[in-house]
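# Fold and geometry: a report
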Amino acid sequence: MTAYGSFPGARPRRLRTTPAMRRMVAETRLHPADLILPAFVREGIHEPVPISAMPGVVQHTRDTLRKAAVEALEAGVAGIMLFGVPEDAKKDGAGTAGTDPDGILQVAIRDVKAEVGDELVIMSDLCLDEYTDHGHCGVLDADGRVDNDATLERYAEMAQVQADAGVHVVGPSGMMDGQVGVTRDALDQTGHEDVAILAYTAKYSSAFYGPFREAVGSSLKGDRKTYQQDPANLRESLRELALDLEEGADMVMVKPAGPYLDVLAKVAESVDVPVAAYQISGEYAMVEAAAEKGWIDRDKAIAETLLGIKRAGASMILTYWATEVAQGLGAVR
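Residues numbered from 1 in each chain as written. Predicted model: local features only at pLDDT ≥ 70, side-chain atom pairs only at ≥ 80, totals over all residues. Heavy atoms only, no water.

## Here's the deal with helix 10 (residues 298-311)
Quick note on the threshold: Secondary structure elements follow DSSP: runs of H or I no shorter than four residues count as helices, runs of E no shorter than two count as strands, and numbering proceeds from the N terminus. By this rule the span expected of a helix is its residue count minus one, scaled by 1.5 Å. Burial status follows relative accessibility: with a 1.4 Å probe on protein chains alone, a residue under 20% of its type maximum counts as buried, one over 50% as exposed, and anything between as partly exposed. For this quantity, the arc is that covered by the directions from the helix axis to the C-beta atoms. Contacts described as polar in this section are N or O atom pairs within 3.5 Å, which, within protein, must combine one atom able to donate a hydrogen with one able to accept it, while residues neighboring in sequence count only if both atoms come from side chains.
With 14 residues, helix 10 ought to run about 20 Å at 1.5 Å a step, and its terminal C-alpha atoms sit 20 Å apart, in line with that. Residues of helix 10 that are buried: Ala301, Ile302, Leu306, Gly308 and Ile309. Along helix 10, the residues classed as buried sweep out an arc of 155 degrees about the axis, all on the same side. Counted as exposed and oriented over 90 degrees from the buried face of helix 10: Asp299, Lys300, Glu304 and Arg311. Regarding helix 10, its N-cap is Asp297, as a side-chain oxygen of that residue lies 3.3 Å from the backbone nitrogen of Asp299 further along.

## A closer look at helix 5 (residues 179-189)
Because each turn of an α-helix spans 3.6 residues, side chains separated by three or four positions in sequence point in the same direction. Definition in use: Pairs of residues are marked as contacts when any of their non-hydrogen atoms sit within 4.5 Å.
Of all the residues in helix 5, the buried ones are Gln179, Val180, Gly181, Thr183, Arg184, Ala186 and Leu187. Taken together, the buried residues of helix 5 touch strand 5 (121-126), helix 4 (148-165), strand 6 (169-172), strand 7 (196-203) and helix 7 (235-247).

## Remarks on the packing of helix 3 (residues 104-116) against helix 4
Axes are the key here: two packed helices are described by the angle between their axes and the distance separating the axes. Operational definition: Lines fitted to the C-alpha atoms define the axes, with helices restricted to the stretch that makes contact. Angles between their N-to-C directions range from 0 to 180 degrees. Here is the rule for angles: anything less than 35 degrees is roughly parallel, anything more than 145 is roughly antiparallel, 65 through 115 is roughly perpendicular, and the remaining ranges are oblique. Left-handed describes a crossing whose near helix is turned anticlockwise from the far helix by less than a right angle; the clockwise case is right-handed. Just so you know the grouping, Ala, Val, Leu, Ile, Met, Phe, Trp, Tyr, Cys and Pro go in nonpolar, Asp, Glu, Lys and Arg go in charged, and all remaining residues, Gly too, go in polar.
Relative orientation of the contacting elements helix 3 and helix 4 amounts to 25 degrees, with a least axis distance of 8 Å. Taken together, the axes of helix 3 and helix 4 are roughly parallel relative to one another. Seen along the crossing, helix 3 lies across helix 4 with a hand that is right-handed. Note on element contacts: helix 4 touches helix 3 through Val161, Gln162 and Ala165, opposite Leu105, Gln106, Ile109 and Arg110. When the residues that make up the contact of helix 3 with helix 4 are grouped by side-chain class, the tally is four nonpolar, two polar and one charged.

## Some thoughts on the pairing of strand 5
Along a regular strand, successive side chains alternate from one face of the sheet to the other. The criterion, for reference: Paired strands are those between which DSSP finds at least two bridges. The crossover handedness rule: strands pointing away from the viewer, path from first strand over the helix to second strand clockwise, crossover right-handed.
Counting buried positions along strand 5 gives five out of six residues, so the element sits mostly inside the fold. Two elements, strand 4 (residues 79-85) and strand 5, share four bridges in a ladder whose sense is parallel. Opposite Met81, over in strand 5, you have Met123 as the bridge partner. Following the chain from strand 4 across helix 3 to the adjacent parallel strand 5, one finds a crossover that is right-handed. Pairing of strand 5 with strand 6, which is carried by four bridges, proceeds in the parallel orientation.

Structure (structure tokens):
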């Protein structure tokens, strides 16, 4: 007689015997509403421009962006995060195209809002890096360093024009100290109390951003290590988290996702607000490149990376595969 709970009485493999059994006892499930599609819209183009380091992803025209938003909505995706790519001639040291009511991002917000209304959550990147001629996320001081407090003034202006354009959620992503509080005040003082803030709480200075530089036409000189987080640090993320929540964040984010699942899990354990994770360009590019070489099964690898992010605690995942994956999930529901 074998004691209850020990081998051979305890055989966990019984719950792995068939696909139906595994599906029934699965602890983690992906749903289209877990997914958010990041999308780039570029000023002054008439055809979508492929991003060479991100096969299948493009810089959209205004027309193709509207179509992409509708496609995401029809697939059941929860939201779309918009990034504007201005003409190079419009970049300057202060990133003024980012606060121009007729700048490309504000125009894109209005376009998507006119197309899908409130049926798809429209999110916008609140940062200056796409609009500055030096490529940093803020304005520079006389010594060439990012000036935190002067940058906050610019973020307040960005929040207002994005909200005026009809965005549902702003995503302050520059990792400036105090950015969430300043954004909240700017929104509230201009009658946009209902616009939510998705705080880029733990945004690491990562090697995996490489393809994103091409996607937004970055003019970056140097690096962002003085304001994005050091990959060596975890407790620092929890300090950032406490500050963002105190300043009024409605949702928080960890970025990148895959290399920082431990951080994501800690954040998810610590809060009672929704937690997002951004599966960034380099994560996407690695899977696509390995699949193109025939080294991995592309679809299974995509599903596994997303399951891992959700299992770690993400309630929302920003991923360039959002629409494709949502369409596949819809087919098996």
